[in-house]
Amino acid sequence: MPALGMAQDSGKVVRWLKSDGEHVTKGDPIVEIETDKATVEVEAPASGTLAGVSVAEGDEVPVGTQIGIILAPGESMPEPAATPVPVTSGRPAGSPKAKRLAAERGIDISKIHGSGPGGAILEEDVLHAAAGGRPSETAQPPLWRAMAENVTHSWRVAPHFFLTREIDASALVAERSRQGGEVTFSDLIIKAVARALSRHPRMNGMGSEINIGLAVALTDGLIVPVLHGVDGLATSEIAARRVEVLERVRAGKLHAANLSGGTFTVSNLGMYGVDQFTAILTDGQAGILAVGRIADRVMAHQGAATVRPAMLMTLSCDHRQIDGARAAEFMQTLVELLETAPD
């Protein structure tokens, strides 16, 4: 069972996409795993024959549990390991988080009625019991809980600082009009961010690739799918990749790679009419860019006051990875790119 998120303790096998004994090729989706963040298609790490499938669809098991083996040609099954004990098979059990919460609250978890798959005891069941059986206001959908845990951890451990710049968005508006089609302001901003990151690698967390996460609001929380290798893509390719990933998000069919490897994040709330906001860093990343709406404002242009489309951007930084001067240099490069040739 792979770990698809920092706060993940277990995962549920939703559906096997390949059968025991079937040949698989490296990169083939072989199983759908559900976590508290999303449903993800896990790909085969190697080519061979899928064997030893030991966890049934609907079972939830701890991260690190062997759920199958890929045998190379001529390779036989190893000695059988201990049979994995599903978290939600047989007698309903609690997830590791639910057990930990029950222990903290002094609650006997065996007395709690579970509302999860197969009667599994979830965190909200423990909270419900702690409130004397009354619905708990702190109980949240799994995705919302995961988001809350991640941002709380990031805010607690990362020393944040913030830089805000206003840009003349005339060139950005003109470029979007020229590109047309599926290209959005977010795509143009992501492309400009990638170009700026290539010039200021410390802002990219010194990652060898530029993999940009795009914050996406869902009904029950927030998810940040990652667009990989953005620096090597044209804006139209970024748009196509974004559309594909968002379709997977809505269908609950994300690949594991779609949620991992991010080096920087862009969060755009302009479509909601927001002028300016500050964002909390994604764990492990040096920066996240919060983008507000484009609106007509009075600006100085060629020595005169004029009304032009303007946009406010706020960069949140991790002071452990980047200092104020280096972050300001990154922002200056980004502003220049957006105000001249966003593509």
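Conventions used here
- Residues numbered from 1 in each chain as written.
- Predicted model: local features only at pLDDT ≥ 70, side-chain atom pairs only at ≥ 80, totals over all residues.
- Heavy atoms only, no water.
- Helix = DSSP H or I, 4+ residues; strand = E, 2+ residues; numbered from the N terminus.
- Buried < 20%, exposed > 50% of the residue type's maximum accessible area, 1.4 Å probe, protein only.
- Contact = heavy atoms within 4.5 Å.
- Areas by Shrake-Rupley, 256 points an atom, 1.4 Å probe, with all protein chains shown as cover.
- Pairing = 2+ DSSP bridges.
- Axes fitted to C-alpha atoms, helices over the stretch in contact; angles between N-to-C directions.

**Student:** Is there a simple way to explain the overall build of the protein chain in this structure?
**Tutor:** Helix and strand counts for the protein chain come out as 7 helices and 16 strands. The burial tally for the protein chain puts 44% of its 343 residues in the buried class. At a minimum sequence separation of 6, the contacts of the protein chain that also span at least 24 residues come to 60%. Accessible surface for the protein chain amounts to roughly 16,400 Å². Of this, 52% is attributable to carbon and sulfur atoms.

**Student:** I tried to follow the sheet that holds strand S12 (residues 226-227) on my own but got confused; where do I start?
**Tutor:** The strands making up a sheet are joined through hydrogen bonds of the backbone, oriented either antiparallel or parallel. Spatial strand order, S8-S16-S15-S14-S9-S12: 6 strands in an open sheet with mixed pairing. Edge positions in the sheet fall to strand S8 (160-168) and S12, since each of these pairs with one other strand and no more. As defined by bridge partners, strand S15 (residues 287-301) adjoins strand S16 (residues 304-318) across 13 bridges and the pair is classed as antiparallel. Bridge pairing links Gly287 to Cys317 in S16. In the packing of helix H4 (residues 170-179) onto the sheet, the strands contacted are S8, S15 and S16, and the crossing angle to S16 comes to about 90 degrees. Together, strand S9 (212-214), S12, strand S14 (264-268), S15 and S16 form the strand contacts of helix H5 (residues 185-199), whose direction differs from that of S14 by roughly 150 degrees.

**Student:** I would appreciate a short explanation of the pairing of S15 in the present structure.
**Tutor:** Put simply, side chains in a regular strand alternate between the two faces of the sheet. Sheet analysis places S14 next to S15, joined by 4 bridges and oriented parallel. Following the sheet pairing, Thr265 is matched in S15 by Ile288.

**Student:** Is there a simple way to explain the sheet that holds strand S3 (residues 29-34) in this structure?
**Tutor:** Taken in spatial order, the 5 strands line up as S6-S1-S3-S4-S13 in an open sheet, and their pairing is mixed. Where the open sheet ends on each side, the last strands, each with one partner, are strand S6 (60-62) and strand S13 (254-255). Sheet analysis places S3 next to strand S4 (residues 39-43), joined by 5 bridges and oriented antiparallel. Bridge pairing in S4 links Ile33 to Val40.

**Student:** So what exactly am I meant to see when it comes to the pairing of S4 here?
**Tutor:** The buried count for S4 comes to 4 of 5 residues, which makes it a mostly enclosed element. With 2 bridges joining them, S4 and S13 adopt parallel strand pairing. Among the inter-strand pairings, Glu41 is bridged to a residue of S13, identified as His255.

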